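Commentary on secondary and tertiary structure
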Amino acid sequence: MFLRFVAVALTLAAPAFSQDLPSPQSDTLSDFADVLDATEEGRITRLLTDTRAATGVQMVVVTVPGLAAEGGAGLKIEDYGKALFNEWGVGGKDRNDGILLLLDTQSREARIALGAGYDPVYDGRAARVLSTAVLPPLREGKIAVGIEAGIASARDRLITPFLAGQPVSVTDGFEDEGGGVGLRTVGLGFGAVAGLAGFGIWRSRRANRTCPNCGALTLERSREVIQQPTRYESGLGMQHLTCSACGFSDHRSYPVSFGSRDSRRDKNVGSQNRDRGGNGGGGGYGGGRSSGGGATGKW
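A brief structural summary.

About the cut-offs
- Residues numbered from 1 in each chain as written.
- Predicted model: local features only at pLDDT ≥ 70, side-chain atom pairs only at ≥ 80, totals over all residues.
- Heavy atoms only, no water.
- Helix = DSSP H or I, 4+ residues; strand = E, 2+ residues; numbered from the N terminus.
- Buried < 20%, exposed > 50% of the residue type's maximum accessible area, 1.4 Å probe, protein only.
- Contact = heavy atoms within 4.5 Å.
- Lys, Arg positive; Asp, Glu negative; His and termini not counted.
- Salt bridge = Lys/Arg side-chain N within 4 Å of Asp/Glu carboxyl O.
- Axes fitted to C-alpha atoms, helices over the stretch in contact; angles between N-to-C directions.
- Parallel < 35°, antiparallel > 145°, perpendicular 65-115°, else oblique.
- Left-handed = near helix turned anticlockwise from the far one by under 90°.
- Pairing = 2+ DSSP bridges.

For the rest of this paragraph, the subject is the overall build of the protein. The helix and strand tally for the protein stands at seven helices and eight strands. For the protein, buried positions account for 41% of its 299 residues. When contacts within the protein are restricted to residue pairs at least 6 apart in sequence, those whose partners lie at least 24 apart make up 67%.

Our next topic: the side chain of Glu-40. Summarising the element assignment, Glu-40 is placed in helix 2 (residues 38-55). Although buried, Glu-40 forms no salt bridge, and the nearest oppositely charged side chain, Arg-43, lies 4.8 Å from it. For Glu-40, the residues in contact, after removing those within four places along its chain, are Val-35 and Ala-144.

A separate point is the pattern of salt bridges. Within the structure shown, the criterion is met by five salt bridges. In this structure, Arg-52 engages Asp-27 in a salt bridge whose closest nitrogen and oxygen atoms are separated by 3.8 Å. Within this pair, whereas Arg-52 is found in helix 2, its partner Asp-27 is found in the loop between helix 1 (2-13) and strand 1 (29-31), the two being separated by 25 residues in sequence. For Asp-27, a relative accessible area of 18% puts it in the buried group. Notably, a salt bridge pairs Lys-142 with Glu-140, separated by 2.9 Å at the nearest N-O pair.

At a minimum axis separation of 8 Å, helix 4 (residues 121-139) and helix 5 (residues 143-164) run at an interaxial angle of 160°. As judged from the angle between their axes, helix 4 and helix 5 are roughly antiparallel. In this structure, the crossing between helix 4 and helix 5 has a hand that is right-handed. Here Tyr-122, Arg-125, Ala-126, Val-129, Ala-133, Val-134, Pro-137 and Leu-138 of helix 4 lie close against helix 5, whose contacting residues are Ile-143, Val-145, Gly-146, Ala-149, Gly-150, Ser-153, Ala-154, Arg-157, Leu-158, Pro-161 and Phe-162.

Below, the discussion takes up the pairing of strand 4 (residues 109-114). For strand 4, the tally of buried residues reaches six of six residues, placing the bulk of the element in the interior. What you see with strand 4 is no split at all: Glu-109, Arg-111 and Ala-113 on one side and Ala-110, Ile-112 and Leu-114 on the other are buried throughout. Summarising the sheet, strand 3 (residues 99-104) and strand 4 pair through six bridges and their orientation is antiparallel. Pairing of Leu-101 across the sheet is with Ile-112, part of strand 4. Between strand 3 and strand 4, which pair antiparallel and follow one another directly, the connecting turn spans four residues, one of which, Arg-108, has a positive phi of 55°. With five bridges connecting them, strand 4 and strand 8 (residues 294-298) associate as antiparallel partners. The partner of Ala-113 across the bridge, within strand 8, is Gly-294.

Dropping the structure here:
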């Protein structure tokens, strides 16, 4: 009777959630919320791939349009992040060194889930990565900028000291977050950078709509995949440019990476290569585990 009581108590204490967790769209980026365009996806995927190639540590970025929409009904983002991390097996199973950056665009919450190999001090460092790199751009609506800044900061502030194996404090390597002139200067500097980035985005988008033949803002672009990619070889896509004002037409080929939006592959490709790879720079998931460490922030 006592053992039965304990079993019931443990069942009630465990968070209830749907087992229908999504399979990854790739071993780098899974944009389930569909908040990134093809250019942003490409930049983020390259950052994650380069980070893994340089360090041997797998970092994964996931966006969801609400936890319930992706199998997390009734879960807090901390529990969902841990469940997704362990379901996919992020990072190497020998070091448990994986990192998952999760963005819930509905609740406006961001979570960094850490592999079980990271000491508790890294929870505080993950909170710093969120507060200094990820959340400020997100609060301005710059999702891609926040993700890219988070990848760079996680690489420098989490992965690098973890691999070095040297003791660190919560604040080692971070800029001072205190008040005073220093903070105002950092704020002004970030504002200037954000302003320049915003101007660059506007100029880029305007250039993408401008016809190279007549100069009108009537250029239309469409894309199609000619050859589907595989895990080991890039595919081939074709971009079609047409101008409704002057009739200009052009066609340009581009590489299509495995798992990208253009590849139009089923989301279950991740489950097929989950056991591939490992701690090295190769693809796939390595069977890493998380014990729930990390940090959460709202934007």
